[in-house]
Amino acid sequence: MAERKISIHQLPKSPGYLKCWGPRPGNVWIDFDVASLEQVVLAELSEDPALMKLYGPEAKPNQCVYLFSGASYPVVGDQIRKLYDPDNPPATAELLEEVKHKLKQPRGLAKRWKLGLSYGMRAGKLQRESRLAGVELTYEQAQGIVAADKRLYVGVTRWQEQLEQEWEDRGGWVYDGLGCPTCVCADKKKDLVNRVCQKTGHSILMQLVYIISKNVEAQKAPMWPVIVDFHDETIWEVPLTFAPRAVKLVGDSLARLNKELGGTIPMRGAVNVVHNLAEAKCE
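What you see is a predicted model, and the numbers here were worked out from it, not measured in a lab.

Brief notes about unusual backbone geometry
At step 1: The phi dihedral of Asn 62 is positive, around 70 degrees, even though this residue is not glycine.
At step 2: Mapping Asn 62 onto the fold places it in the loop between α3 (49-55) and α4 (65-70).
At step 3: A positive phi angle is found at His 231, which is not glycine, with a value near 65 degrees.
At step 4: Locating His 231 in the fold gives a position in the loop between β4 (224-227) and β5 (233-239).
At step 5: According to the relative accessible area criterion, His 231 is partly exposed, its value standing at 44%.

This is how it looks when you write it as structure tokens:
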């Protein structure tokens, strides 16, 4: 019988299953998820005006990138704008959740489209993806959605053109957001923006993990990595009695990270004490 291995990075998002993953008796997990890591990197590097509205230093709270984007898309835009104003988002997180619930179907479509468009999806693929979601679009409607996204995120389009020119000038590589060379094959050139953002985002997470590790060492803290590199998240185990100090340690590490990065947009995120992986991933 073939050996079966578990991929920690590809766990099914089932609360019942994820509850099986938890700390040892008497311990808890300290979970930190960098909020919108790759989108913040994209906003920082591209200086796109729309992304700055969502993530920049002056961004209003309670925004939703999918409703924000969908408000400009044909097919779903009119319906979304009745309940969601991109320039004046809901006043509270609770009101935002109500709007998301009422706009579940158009938001779901906008999310599907936005995620695909972020990876270079074109009109034909967008039309097929919509059909899988039970929505029939004409090719012209699909083209309109692609065009609307480009108009909304014009700064990203401009930055992509700059990256492509850099890629040409350097013979197949560019610098990422931290100044590290990033090679990209010719057939992946259309994915330059995502390659740079993902690589930069991962390097930022690793920089944070390094700072946490040095603080753990300096303070002789009883903290042990559980899933130290979880895409844009890191999880550590500590004794229950040490949890408040561990939360502060991670918060202090984040402050130091932002000081070292020196970016326009600080990295953010909540440090949570959780009792299993379901609490970290599903709540």
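Some remarks on the environment of Gln 63
At step 1: By secondary structure assignment, the location of Gln 63 is in the loop between α3 and α4.
At step 2: Along the backbone, Gln 63 and Val 247 are 184 residues apart, and their C-alpha atoms lie at a distance of 26 Å.
At step 3: Each residue touching Gln 63, except ones within four places of it in the same chain, is listed here: Lys 53, Leu 54, Phe 68, Tyr 84, Pro 86, Pro 89 and Leu 96.
At step 4: In this structure the side chain of Gln 63 is engaged in a polar contact, spanning 2.3 Å, whose partner is the side chain of Tyr 84.
At step 5: A distance of 2.9 Å separates the side chain of Gln 63 from the backbone oxygen of Pro 86, its partner in a polar contact.

About the cut-offs
Residues numbered from 1 in each chain as written. Predicted model: local features only at pLDDT ≥ 70, side-chain atom pairs only at ≥ 80, totals over all residues. Heavy atoms only, no water. Helix = DSSP H or I, 4+ residues; strand = E, 2+ residues; numbered from the N terminus. Buried < 20%, exposed > 50% of the residue type's maximum accessible area, 1.4 Å probe, protein only. Contact = heavy atoms within 4.5 Å. Polar contact = N/O pair within 3.5 Å; in protein donor to acceptor, adjacent residues only side chain to side chain.

Coordinates in, geometry out; function isn't part of it.
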